[in-house]
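What the coordinates show
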Amino acid sequence: MPANLEFPNSETFQARTSNQSLLSVVDLAQILGLSVKSIYSKIAYHPNELPPRIRIPGSRLNKWHPEVVSRWLNELAGLIPPIEP
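If you're wondering where the values come from, they're calculated on a predicted model, not measured in any experiment.

The rules behind the values
- Residues numbered from 1 in each chain as written.
- Predicted model: local features only at pLDDT ≥ 70, side-chain atom pairs only at ≥ 80, totals over all residues.
- Heavy atoms only, no water.
- Helix = DSSP H or I, 4+ residues; strand = E, 2+ residues; numbered from the N terminus.
- Polar contact = N/O pair within 3.5 Å; in protein donor to acceptor, adjacent residues only side chain to side chain.
- Contact = heavy atoms within 4.5 Å.
- Buried < 20%, exposed > 50% of the residue type's maximum accessible area, 1.4 Å probe, protein only.
- Core = buried A, V, L, I, M, F, W, Y, C linked by side-chain atoms within 4.5 Å.
- Axes fitted to C-alpha atoms, helices over the stretch in contact; angles between N-to-C directions.
- Parallel < 35°, antiparallel > 145°, perpendicular 65-115°, else oblique.
- Left-handed = near helix turned anticlockwise from the far one by under 90°.
- Nonpolar A, V, L, I, M, F, W, Y, C, P; charged D, E, K, R; others polar.

So, about the side chain of Lys-42. Within the element layout of this structure, Lys-42 appears in helix H3 (residues 36-45). In this structure the side chain of Lys-42 is engaged in a polar contact, spanning 2.7 Å, whose partner is the side chain of Glu-49. Ignoring sequence-local partners within four residues, the contact set of Lys-42 consists of Leu-34, Pro-47, Glu-49 and Leu-50.

If you want it as structure tokens, here you go:
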């Protein structure tokens, strides 16, 4: 079993996370292969269908940590066990 999930946009993920900065809605959309509109819709109506996000206090920004997104994708694929709350 591979250590990391190889998903369709893995090159995009590697390019976007190489500097370990937080991911934007646009970045997450490209990594997941969804539209930006779909990401905003999921944030509003189905946030549990996305990786846990970071809400920037005092702003409307939603950001994601690259390592959290990577772990979420690996859990979703069943490659690693989920973290217990």
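Still more to cover.
Among the structural elements, Ser-24 can be located in the loop between helix H1 (10-17) and helix H2 (25-32). Relative accessible area serves as the criterion here: at 19%, Ser-24 is assigned to the buried category. Among the polar contacts listed, one links the side chain of Ser-24 to the backbone nitrogen of Val-26, at a separation of 3.3 Å. The residues touching Ser-24, leaving out its near neighbours within four places in the chain, are Asn-62, Lys-63 and Trp-64.

This part covers the nonpolar core. Membership of the largest hydrophobic core is limited to twelve residues, which are Leu-23, Val-25, Leu-28, Ala-29, Ile-31, Ile-39, Ile-43, Leu-50, Trp-64, Val-69, Trp-72 and Leu-73. Counting only elements with at least two residues in this core, the list comes to H2, H3 and helix H4 (66-76). Per element, the largest residue contribution to this core is four residues, and it comes from H2.

We now examine H4. For H4, the complete set of buried residues consists of Pro-66, Val-69, Trp-72, Leu-73 and Asn-74. Positioned one or two residues after H4, Gly-78 has a phi angle of 80°, which is positive.

Let us now look at the packing of H2 against H4. Between H2 and H4, the least distance of the axes is 12 Å, while the angle of their chain directions is 30°. Here H2 is positioned roughly parallel relative to H4, judged by the angle of their axes. As for the relative orientation of H2 and H4, their crossing is right-handed in sense. Judged by residue contacts, Leu-28, Ile-31 and Leu-32 of H2 engage Val-69, Trp-72 and Leu-73 from H4. Per-class residue counts for the contact of H2 with H4 are six nonpolar, no polar and no charged.

Contact geometry for H2 and H3: axes closest at 8 Å, N-to-C directions at 105°. With respect to their mutual orientation, H2 and H3 come out roughly perpendicular. Residue-level inspection shows Val-25, Val-26, Leu-28, Ala-29 and Leu-32 of H2 in contact with H3, the latter providing Val-36, Ile-39, Tyr-40 and Ile-43. The residue makeup of the contact of H2 with H3, split by class, is nine nonpolar, no polar and no charged.

Nothing here speaks to function; it is geometry throughout.
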